[in-house]
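Topology and contacts: notes
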Protein chains: 2
Amino acid sequence: MSGDHSFILHLAATPSIVLVNTQLPENIGAAARAMMNFGLQELRLVAPREEFPNKRAYDLAAHAAPILDNARIFSTTAEAVADCKRVYASTARSREMVKTVYTPLEAAHRMADEHVSTAILFGPERTGLTNEDVSIADSIITVPTASDLSSLNIAQSVVVVAYQWFQTTCNLPLAASHLHHKSEFATKEELQGFFYHLERRLDAADFWKVAEKKPKMWMNLQNIFTRASLTEQEVRTLHGVIAALQ
Amino acid sequence: MSGDHSFILHLAATPSIVLVNTQLPENIGAAARAMMNFGLQELRLVAPREEFPNKRAYDLAAHAAPILDNARIFSTTAEAVADCKRVYASTARSREMVKTVYTPLEAAHRMADEHVSTAILFGPERTGLTNEDVSIADSIITVPTASDLSSLNIAQSVVVVAYQWFQTTCNLPLAASHLHHKSEFATKEELQGFFYHLERRLDAADFWKVAEKKPKMWMNLQNIFTRASLTEQEVRTLHGVIAALQ
């Protein structure tokens, strides 16, 4: 996976993440880490509460330090999104405002379709975005949760929105891969060789007891090993097991 | 939204989250918070590094304290998943093991289909799950990331897996809702009343200059307001704006 997708990331307009009045530098760092993981590069900070750059942010950012290095700081939300054509406000609370609310999935689809410079706003930890900041946005993103009591912290919200954007934009396959090369699977001939070995030993040990029951029992037994998608090495190991049990 | 989905959550088998040898209690708390947000209830801890219950975990859990209260502690991973029929190991590293790797999306679909008692393992912060723990699992979940340098922390991984499970199992609609009731939209009659008012004023002000251009200009102008999906209150406000500009 991973490296394979880089060409797609260059083609798609990647949204900027705008953190407004963030209280804890740790959350800025955790947001940067999530951005890096999911292919977002541009971080904008509106009047962070503690001085920035900040060591506590870098500690949490891990490999995402370059995103913090390149973060731009603004004094107002309006300035931070001035060059963007679409702005989403991430908020859980309903507002007395006429804005369409999208889930992260739908918002990701819209971003992929519209393909214009986009910013996503995230508010401060305790209070969330002000109505004034939300009014700057074209639409709202609300992460669906299991109950009204639920609340995501700001870094968790960035994780979900960034993950969903990456998942949607990069059109990822459902099943990622197998951990071994398909060439390592045993051939059917190798499997049959094992079955021949096993059957001979079971016959010799009078495993079946009642001859009429053998066909059904033997088919069930073979099915167990077929279903397991054995590798060549595993077949060799099983030959060894039978020999050892002798 | 939210409360609406509770009936679905009762029907679906909800996976247990198993945190193995977690170093930082904060990550246990953050994982619990993510679980609560996305409808997962059962937390199992395998030999956490610091004593548990732990205040630092509760601080990060926020409203998810009940999940920590009910967390069960085990000394081995095998014991923690003994009653489960399916076990997934969440890991980013590839392993020399014959296991299918699923994305969180595909794993969520499988859980919804199989509908059996399921556990998802998450390893310690620095090292991840041991090969021994991974070997207990039927399959692997790997969160797709933008590059091989990427790494999610354990709490971020739980956020993504839990979010994707909730999103998939609860079959959430793409667009969540509008923040105002549809009944608050202006009727077309109210909109026409506003158009009548506006047109009269623009006629009186000789806004069109060239009579032949009026039909096209006026249609474009009406389209702006139609597209805005105005509410009754907004139409009243616009009437006021025109009157005031007089």
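Residues numbered from 1 in each chain as written. Chains lettered and ligands numbered in written order. Predicted model: local features only at pLDDT ≥ 70, side-chain atom pairs only at ≥ 80, totals over all residues. Heavy atoms only, no water.

**Digging into the environment of Arg49 of chain B**
Residue and element names in this part refer to chain B. Basically, it comes down to this: Here a helix means four or more residues in a row that DSSP labels H or I, a strand means two or more in a row labelled E, and each is numbered from the N terminus. Two residues form a contact once any of their heavy atoms are found within 4.5 Å.
By the secondary structure assignment, Arg49 is in the loop between β2 (43-46) and α3 (55-61). Note: C-alpha distance between Arg49 and Ser90 (41 residues apart in sequence) is 19 Å. In contact with Arg49, not counting residues within four places along its chain, are Asn21, Thr22, Gln23 and Pro124.

**Remarks on the domain arrangement of chain A**
Heads up, the rule is: Segmentation into domains, and thus their bounds, comes from an automatic or database assignment.
When the domains of chain A are assigned, the result is domain 1 (2-169) and domain 2 (182-245). Computed from C-alpha coordinates alone, the two centres of domain 1 of chain A and domain 2 of chain A are separated by 55 Å.

**Some words on the confidence of the model for chain A**
Residues and elements named next belong to chain A. In plain terms, the rule: Per residue, pLDDT captures the predictor's confidence, and it can take any value from 0 to 100.
Averaged over all residues, the pLDDT of chain A is 85; the fraction at 70 or higher stands at 88%. For the stretch residues 1-12, pLDDT sits under 50, and the model shows 23 contacts to residues farther than four places along the chain or on other chains. In the model, residues 174-182 has pLDDT below 50 throughout and makes 23 contacts with residues more than four positions away in sequence or in other chains. In the predicted assembly, ipTM is 0.77 and pTM is 0.78.

**Overview of the side chain of Ser90 of chain A**
Along the chain, the position of Ser90 of chain A falls in strand β4 (residues 86-90). Once residues lying within four places of it in the same chain are set aside, the contact partners of Ser90 of chain A are Leu121, Phe122, Leu129, Ile141 and Ser157 of chain A.

**Describing the pattern of salt bridges**
This is how it is decided: Definition used for salt bridges: Asp or Glu carboxyl oxygen within 4 Å of a side-chain nitrogen of Lys or Arg. Relative accessibility under 20% of the residue-type maximum defines a buried residue, over 50% an exposed one, and the middle range a partly exposed one, all with a 1.4 Å probe and only protein chains included.
As enumerated under the stated definition, the model contains 20 salt bridges over all chains in all. Linking Glu50 of chain A and Arg56 of chain A is a salt bridge whose minimum nitrogen-to-oxygen distance equals 2.9 Å. Among the residues examined, Glu50 of chain A registers a relative accessible area of 33% and is labelled partly exposed. According to the relative accessible area criterion, Arg56 of chain A is partly exposed, its value standing at 32%. Across the pair Asp59 of chain B and Lys55 of chain B runs a salt bridge, and its minimum N-O distance is 2.8 Å. Highlighted residues: Asp59 of chain B and Lys55 of chain B, both in helix α3, separated by four residues, approximately one helical turn.

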